[in-house]
Amino acid sequence: MQKTAYINDQPYPIQEGETVLEFVRRSREEKLIPALCDAPHLKPFGACRLCSVDVALEQGGPARVMASCHTPVAEGMYIYPSTERILKLRKNIVELVLSDHPQDCLTCEVNNNCELQELAALTGIRDIRYPVGRDHPDRKKDLSHPYISSDPSKCINCSRCIRACDEVQGMFVLSMADRGFESRVIKGTDNSLIDSSCLGCGSCVQACPTSAISDVFESKSVAADRKVQTVCTYCGVGCNLEVAVKNGKVRSIEGPLDSKVNPGQLCVKGRYAFSFYDHPDRIRTPLIKKNGEFVESSWDEAYEFIASELKRIIKENGPDYIAGISSANCPNEENYLMQKFMRAVIGTNNIDNCARVCHAPTALGMQRTFGTGAATNSIEDIDHTDCILVFGANPTEAHPVTGAKIKQAAIQGKTLIVVDPRRTELARYADYHLQLKPGTNVALLNLFFYYIIKENLTDTGFIEERTEGFEEFRQHILSQNIDELVNITGVDWNLVREAAIAYASAANAMSFHGLGATENSQGTATVMLIANLAMITGNIGRKGVGVNPLRGQNNVQGAADMGCQPNQGAGYLDVTDDDVHALYEKFYRARLPRHVGYKIPEMYEAALQDQLKAMWIVGENVVQTDPNSQMVIEALRKLDLLVVQELFMTETAELATVVLPAASFLEKEGTFTNGERRVQRVNRVIDPLPGTKPDGQIITEIMQRMGYPQPDYSAQEVLEEISGIVPFFKGITWKRLGKDGLQWPVHEDGTDTPVLHEEIFKRGRGAFYKQTYKQSLELQEHNNGYPFILTTNRGLEHYNSGAMTRRTPNRELVSGDVLLINPADAGKYTIEDGDMVCVESPRGKTDIRAQISNAVKRGVLSTTFHFPDVMINNITSDVYDSDSLCPEYKVVAVRIRKSKGLHKIRN
Ligand SMILES: Nc1nc2c(c(=O)[nH]1)N[C@H]1C(S)=C(S)[C@@H](COP(=O)(O)OP(=O)(O)OC[C@H]3O[C@@H](n4cnc5c(=O)[nH]c(N)nc54)[C@H](O)[C@@H]3O)O[C@H]1N2
Ligand SMILES: Nc1nc2c(c(=O)[nH]1)N[C@H]1C(S)=C(S)[C@@H](COP(=O)(O)OP(=O)(O)OC[C@H]3O[C@@H](n4cnc5c(=O)[nH]c(N)nc54)[C@H](O)[C@@H]3O)O[C@H]1N2
Ligand SMILES: [Mo]
């Protein structure tokens, strides 16, 4: 039965679990209760008492003053938010707070976003009766950090910053020191922010009601002309951004408090690393290489040159001598057009995207086992799970908003299992950290299955009703040599056993996997086993379970959904299938090729063998990011025509014949699809920088130039076209996507799908596939003379090739790649922290600064790939996952020595 409580004697329905404050704010439009220490995304604190209300148990009965923020609302409560004594109390509290604040607060003009000033106005304070100006002049401003500054004299000790740091980010950097009038917020052990463990997520800034902690560029103070909601351009979490614009420039970014993806939360990249967009390095005019030099050209000239070259190659060699790579940074509409251009205008299926070097094994492995290659569940399911398995992923750095959620879950006592050769931040919070040797995932997972079967923890009902191939799988597992597998992984057998039992016996267990699973020679096999692990324990098809790849780039899910793959067109339809072929030909009104095209590594191979003459690369810096850079460079140099559509003159753009200046995500419209299949609107925040064009417009114009009747570019119209061909976009319209987006498949009536495979799998029955561990060819072939395994991964502050983040103050936070090396190995080579080390593989060598660390075991080294001066991909290997052709960035055979002639560099 509906329960009721009363506000000023008016009845309103109450919701389970809400506080009086939440109830009043939800029920009434006008702001009846002010608050200071309360913030909607933080737990109730009950310190400032400003939210006090009168509460009676009968109408007009004797009332008690209660802090509404932490009093649960109850049936039959009579709430009086603004009685005379309450108004007086509030005024008094605000006066007291103001007396401990800079004297000029009430008249301070910059602070027109200050909540305290608003409260003073609301409670009717014009002057303060208490001695004012005890504003702690001894407390110095902290200007140490490139993004966050603090002015402690403005602090009112509401603790919102401390709680944001604890409850949102889980970093525990801030705390309250001293007592009474002297109490104050400190960072770390009273350091400056830059010397504390702060990650720069800015949650404290967003939570601060005054501007005691504020953004450096632009404190909350200066009012924006307008605010636009859009989606972040970095990782696949798909955080919503509320972007403040003034005079046509981006001033600051916040996480909308009502966002489904990131309420009030962002990471240092999403919130702060946006200034690349108007960096002086932005390319602002088309460039054509003439006699080895780039010469500025008009768009018309560039298009004419490209179109005539493409036509020549088609005529002389055929359309399959041309290939395209589309950008996972770009919206769906632009990706869709890029594949349409390659297929319907050029006439080739040679189209791919960076998923190839990333989660291609996920797409393939999950398509084979489940029928759909995408995450089965949603990030919010972390709240509904009991056990989280993080397999080869480092989300606190690579997907920080999700990482923080997982960390909070672990802090709250949920079981956390981390499988990673490095001791990542989450590994430190984990109940079980299985620190396996790089490249031994299949061995480790087979052990998991062995213990689950041995302990009778299989979900027999689920296996019988919903899967196939289990018996053969089981026999295979039981036939494995368990001691040998244990030896291969290098992990204590009992720890693996306990972790397997924890996963299998949890009521709801959820897995997240990353590149540690996929970027291996057995990447697809690993993903299939992770999927089988969910099947064998019945962890599929409801909230709080499932298999959840942490997709990499902001729209890498979308790039594949839109058909930027050589075997599947828009909507994952098989281009070699008769019916599909006919369907696409009709839809595009063009003759289409029906044989599968080149995957990215095959494009380079073809170029090296003169089988490819032209490439068109949109927004990817492959020279720095694809493996074996020298091979990539050689391949690109052999082309007659290389078109690169970019924001910057990257290492890849340098090799281009024509560079076309594109507009960044802030300058265009469309949709991004995040790692939980959520299609979200990207809104134009500012106009394209003069001289640049949105990628969709560029591709449309070249399609038109080549004679194809593609209408002038409008993202919303292209979205309509997509909904007409991609089955799981059927019910998507620009309008329906609204503020929060929709998770595909979206049915014709507009309903979306937070959880996949609820009743049956997309492919019918879920398939078990047995897998046998095979040592990587890299290690088999180079076991002599290359005693270390190098594994490469990412750091929080920089993004892939760093083309964007290196052009922001993130560079002040992290200025180079470092090599993690175990103290014992360092000792053996007399390497000290900060020394330059030469790392050499059979492909090449490079010098990197050493950081001695226990995060890696002996024999294992780890580094990032964000800086072109290190160019780590000069040494990564040519070994690929056999099925998906994903490169094995995670296992590189190397040797090391202390670099000669290079000075020690210290930070
Ligand atoms: N800050 C930041 N965020 C990013 C990116 C970035 O460059 N910077 N890039 C984005 C992109 S494109 C992607 S794809 C995602 C990737 O995000 P993640 O999947 O988290 O990627 P990595 O950090 O490369 O690798 C994850 C972990 O795999 C571990 N690992 C290495 N070898 C093995 C192995 O053999 N087995 C297992 N089990 N683990 C292993 C590594 O130690 C590492 O901790 O991040 C996205 N987000
Ligand atoms: N050693 C090693 N190498 C790796 C990996 C690893 O783990 N280890 N991971 C691999 C993975 S998972 C990935 S996904 C790749 C990523 O490799 P890339 O995709 O090559 O990396 P990014 O640096 O993200 O490149 C994106 C480029 O797009 C440009 N750009 C941004 N927005 C736009 C836009 O709107 N339009 C256009 N036209 N351009 C834009 C940027 O300037 C940038 O140069 O790296 C891979 N390389
Ligand atoms: Mo990626």
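These figures come from a predicted structure and were not determined experimentally.

Conventions adopted
- Residues numbered from 1 in each chain as written.
- Chains lettered and ligands numbered in written order.
- Predicted model: local features only at pLDDT ≥ 70, side-chain atom pairs only at ≥ 80, totals over all residues.
- Heavy atoms only, no water.
- Near = heavy atom within 4 Å.
- Polar contact = N/O pair within 3.5 Å; in protein donor to acceptor, adjacent residues only side chain to side chain.
- Areas by Shrake-Rupley, 256 points an atom, 1.4 Å probe, with all protein chains shown as cover.
- Helix = DSSP H or I, 4+ residues; strand = E, 2+ residues; numbered from the N terminus.
- Nonpolar A, V, L, I, M, F, W, Y, C, P; charged D, E, K, R; others polar.
- Domains from an automatic or database assignment.
- Buried < 20%, exposed > 50% of the residue type's maximum accessible area, 1.4 Å probe, protein only.
- Pairing = 2+ DSSP bridges.
- UniProt positions renumbered as here; feature names shortened; annotations may be inferred.
- Phe/Tyr/Trp six-rings, centres within 6.5 Å; stacked < 30°, edge-to-face > 60°.
- Axes fitted to C-alpha atoms, helices over the stretch in contact; angles between N-to-C directions.
- Contact = heavy atoms within 4.5 Å.
- Core = buried A, V, L, I, M, F, W, Y, C linked by side-chain atoms within 4.5 Å.
- Arc of directions from axis to C-beta.
- Salt bridge = Lys/Arg side-chain N within 4 Å of Asp/Glu carboxyl O.
- Parallel < 35°, antiparallel > 145°, perpendicular 65-115°, else oblique.
- pLDDT = per-residue confidence, 0-100.

### What to know about the site of ligand 1
And step 1. Taken together, 35 residues are adjacent to ligand 1, and Ala398, Asp420, Gly439, His798 and Asn800 come closest.
And step 2. Arg794 places a side-chain nitrogen or oxygen 2.7 Å from an oxygen atom of ligand 1.
And step 3. In isolation ligand 1 exposes 920 Å². Once the protein is present, 99% of that is buried.
And step 4. Broken down by secondary-structure element, the contributors of at least two residues to the shell around ligand 1 are helix 10 (395–398), helix 18 (515–518) and strand 30 (788–793).
And step 5. Looking at the shell around ligand 1, its residues break down into 12 nonpolar, 17 polar and six charged.
And step 6. There are two domains that each give the shell around ligand 1 at least three residues, and those are domain 4 (378–540) and domain 5 (777–898).

### Notes on the environment of Asp300
And step 1. As for its position among the elements, Asp300 is in helix 7 (residues 299–316).
And step 2. Through-space distance from the C-alpha of Asp300 to that of Arg705 is 9.7 Å; in sequence the pair is 405 residues apart.
And step 3. Reaching out from Asp300, the side chain makes a polar contact with the side chain of Arg705 at a distance of 2.6 Å.

### Regarding the pairing of strand 1 (residues 4–7)
And step 1. Here strand 1 shows a clear split, with Ala5 and Ile7 buried on one side and none of Thr4 and Tyr6 buried on the other.
And step 2. Looking at chain direction, strand 1 and strand 2 (residues 10–13) are connected through four bridges and run antiparallel. Looking at strand 2, one finds that Thr4 is bridged to Pro13.
And step 3. Between the end of strand 1 and the start of strand 2, which pair antiparallel, lie two residues, with Asn8 showing a positive phi angle near 45°.
And step 4. As paired strands, strand 1 and strand 5 (residues 78–80) are joined by two bridges and run parallel to one another. Within strand 5, the position partnered with Tyr6 by the bridge is Tyr78.

### Some details on the UniProt feature "domain: 4Fe-4S Mo/W bis-MGD-type" (unreviewed entry) in the protein
And step 1. According to UniProt, the "domain: 4Fe-4S Mo/W bis-MGD-type" (unreviewed entry) feature falls on residues 225–281.
And step 2. Taken end to end, residues 225–281 has its terminal C-alpha atoms 27 Å apart, with 9% of it in helix and 33% in strand.

### Comments concerning the packing of aromatic side chains
And step 1. Applying the stated criterion to the full structure yields 22 aromatic pairs.
And step 2. Taking the centre distance of 4.7 Å and the plane angle of 10° together, the rings of Tyr147 and Tyr272 count as stacked. In this pair, Tyr147 is assigned in the loop between helix 3 (115–122) and strand 6 (148–150) and Tyr272 in helix 6 (residues 268–272), connecting sequence segments 125 residues apart. There is no split in this pair, since Tyr147 and Tyr272 are both buried.

### Description of the site of ligand 2
And step 1. With respect to spatial proximity, 36 residues lie near ligand 2, and among them Asn621, Thr625, Glu646, Asp695 and Ser801 are the closest.
And step 2. Here Gln645 contributes a backbone N or O atom positioned 3.0 Å from a nitrogen atom of ligand 2.
And step 3. With respect to ligand 2, the side chain of Ser801 contributes an N or O atom lying 2.6 Å from an oxygen atom.
And step 4. Contact with the protein chains hides 99% of the accessible area of ligand 2, taken as 920 Å² for the molecule alone.
And step 5. Looking at which domains feed residues into the shell around ligand 2, each of domain 3 (287–358 + 556–704) and domain 5 (777–898) gives three or more.

### Quick notes on the pairing of strand 21 (residues 509–513)
The side chains of a regular strand alternate, residue by residue, between the two faces of the sheet.
And step 1. Burial within strand 21 is extensive, with five of its five residues counted as buried.
And step 2. Because side chains alternate across strand 21, one face comprises the buried residues Ala509, Ser511 and His513, and the other comprises Met510 and Phe512, equally buried.
And step 3. In terms of strand pairing, strand 17 (residues 387–391) meets strand 21 through five bridges, oriented parallel. By the bridge assignment for strand 21, Ile388 is matched with Met510.
And step 4. For strand 21 and strand 22 (residues 546–549), the ladder comprises four bridges, and the chain directions are parallel. If you follow Met510 over to strand 22, its bridge partner there is Gly546.

### Regarding the sheet that holds strand 17
Adjacent strands of a sheet form backbone hydrogen bonds with each other and so pair up, either parallel or antiparallel.
And step 1. Taken together, the five strands give an open sheet; going across it, the order is 19-18-17-21-22, and neighbouring strands pair in parallel fashion. With one partner strand each, in any of the chains shown, strand 19 (432–434) and strand 22 form the two edges of the open sheet. Going from strand to strand, the sheet's axes swing by 15° on average, the running direction of each strand aside.
And step 2. Bridging between strand 18 (residues 415–419) and strand 19 involves three bridges; their strand directions are parallel. If you follow Val419 over to strand 19, its bridge partner there is Leu434.
And step 3. Against the sheet, helix 13 (residues 441–454) makes contact with strand 17, strand 18 and strand 19, and its axis sits at roughly 155° relative to strand 17, the strand it touches most.

### So, the side chain of Ser884
And step 1. By the secondary structure assignment, Ser884 is in the loop between strand 34 (860–864) and strand 35 (892–898).
And step 2. Look at Ser884 and you get buried, because its relative accessible area is 2%.
And step 3. Within the structure, the side chain of Ser884 is placed 2.7 Å from the side chain of Asp881, a separation counted as a polar contact.
And step 4. Every residue in contact with Ser884, bar those within four places of it in the chain, is listed here: Arg356, Ala360, Pro361, Leu364, Thr524 and Lys599.

### Points about the sheet that holds strand 27 (residues 678–682)
And step 1. Read across the open sheet, the three strands follow the order 26-27-28; overall the sheet is antiparallel. In the strand order of this sheet, the two ends are held by strand 26 (670–673) and strand 28 (742–743), each with one partner.
And step 2. Its contacts with the sheet place helix 8 (residues 332–346) against strand 26 and strand 27, and it is angled at close to 95° to strand 26.

### Some remarks on the nonpolar core
And step 1. Within the largest apolar cluster, 113 residues are counted, with the highest numbers of intra-cluster contacts made by Leu310, Phe341, Trp616 and Phe729.
And step 2. It is helix 8 that contributes the most residues to this core, eight residues altogether.
And step 3. Beyond its immediate stretch of four places on either side in the chain, Phe341 contacts Leu310, Ile346, Trp616, Ile699, Ile702, Met703 and Met706.
And step 4. Counting 54 residues, the second-largest nonpolar core is a separate cluster that includes Val442, Phe448, Ile540 and Phe761.

### Quick notes on helix 1 (residues 20–27)
And step 1. Looking only at helix 1, the buried set comprises Val20, Leu21, Phe23 and Val24. Seen from one end, helix 1 has its buried residues packed into an arc of 165°, which puts them on one side.
And step 2. Packing partners of the buried residues in helix 1 comprise strand 1, strand 2, strand 3 (52–56) and strand 5.

### So, the pattern of salt bridges
And step 1. By the definition in use, this model includes 44 salt bridges.
And step 2. A salt bridge links Arg356 to Asp352, with the shortest nitrogen-to-oxygen separation between them at 2.7 Å. You'll find Arg356 and Asp352 in the same group, each marked buried.
And step 3. Three or more residues are tied together by salt bridges with common partners; here these are Glu309, Arg312, Glu316 and Asp640.

### Focus on unusual backbone geometry
And step 1. Along the chain, Trp744 connects to Pro745 via a cis peptide bond; the corresponding omega equals -5°.
And step 2. As for its placement among the helices and strands, Pro745 is situated in the loop between strand 28 and strand 29 (766–767).

### Side note on the packing of helix 13 against helix 15 (residues 470–478)
Geometry of a packed helix pair, given as the angle between the helix axes and the separation of the axes.
And step 1. Across the interface, helix 13 lies against helix 15 with an axial gap of 9 Å and an inter-helix angle of 105°. The angle between the axes of helix 13 and helix 15 places the two elements in the roughly perpendicular class. Contacts between helix 13 and helix 15 involve Asn446, Phe449, Tyr450, Ile453 and Lys454 from the first element and Phe473, Arg474, Ile477 and Leu478 from the second.
And step 2. Among the residues making up the contact of helix 13 with helix 15, the classes are represented as six nonpolar, one polar and two charged.

### Here's the deal with the confidence of the model for the protein
And step 1. This prediction gives the protein a mean pLDDT of 93; 96% of its residues lie at or above 70.
And step 2. For the stretch residues 903–907, pLDDT sits under 50, and the model shows 11 contacts to residues farther than four places along the chain or on other chains.

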